[in-house]
Amino acid sequence: MKPKLINVLALAYLGDSVFEVYVREYLLVEKGIMKPDLLQQASKSFVSAKAQAAFMQEAILKQWLSEEEISIYKRGRNAKSRHVPKNTSVFIYNQSTGFEALIGHLYLLKKQERITEIFELFKLFVCENEKNMRKI
């Protein structure tokens, strides 16, 4: 099945799960966090819609993504969802959905190496901007 033919919200659903695994592995293996409550707290900086949206703005600005990746992101960002976010704006939520759609798309293309590259950039971005994220 070709990822371009899959509903972009379904790609975002998959991408959310894939990204969550990357975050959990990072926190367990690299950071050595073992307690569930600490894992949950630490993961908030990575899986938040605000962080994902801010990262995508930075990634586009700094040209970390290919034209095809930006296209997939925009498809996800522009998709109409019935879900109304409770803790963030629709604008931020839509950008986050675009990010997750990109991850889902790459996963279905079996481009784990590219997902890893994006995740490495994402980790650096979150670590450098964690204090600013709380203000958004």
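Residues numbered from 1 in each chain as written. Predicted model: local features only at pLDDT ≥ 70, side-chain atom pairs only at ≥ 80, totals over all residues. Heavy atoms only, no water.

A.B. asks: Looking at this model, I keep getting lost on the packing of aromatic side chains. Mind explaining?
C.D. replies: Aromatic ring pairs are reported here in terms of the distance separating the ring centres and the angle at which the planes meet. Scanning the model with the defined rule gives 12 aromatic pairs in all. Ring centres of phenylalanine 46 and phenylalanine 122 lie 6.3 Å apart, and the angle between their planes is 40°; on these two criteria the pair is classed as tilted. On the criterion of sequence distance, the pair formed by phenylalanine 46 in helix H2 (residues 36–47) and phenylalanine 122 in helix H6 (residues 112–133) is long-range, its members being 76 residues apart. For the pair phenylalanine 46 and phenylalanine 122, one class covers both residues: buried. Clustering of aromatic rings is evident, with ring pairs tying together Phe19, Tyr22, Tyr26, Phe46, Phe55, Trp64, Phe99, Phe119, Phe122 and Phe125. (Phe/Tyr/Trp six-rings, centres within 6.5 Å; stacked < 30°, edge-to-face > 60°. Helix = DSSP H or I, 4+ residues; strand = E, 2+ residues; numbered from the N terminus. Buried < 20%, exposed > 50% of the residue type's maximum accessible area, 1.4 Å probe, protein only.)

A.B. asks: It is not clear to me how the layout of surface pockets should be interpreted in this structure. Could you clarify?
C.D. replies: Regions of empty space are outlined by a rolling probe, equal in size to a water molecule, passed over the atoms. Here the largest pocket is characterised by a volume of approximately 450 Å³. Along the walls of the largest pocket sit 20 residues, with Lys44, Ser48, Ala49, Lys50 and Asn87 positioned nearest its centre. Going through the elements one at a time, H2, helix H3 (49–61), helix H5 (90–108) and H6 are the ones with two or more residues in the lining of the largest pocket. Residue contributions to the lining of the largest pocket peak at 4 residues, all from H5. (1 Å grid on protein atoms, 1.4 Å probe; cavity = no way out; pocket = protein on both sides within 12 Å on 5 of 7 lines; lining within 4 Å. Points joined across faces, edges and corners; volume = space filled by probe spheres on them.)

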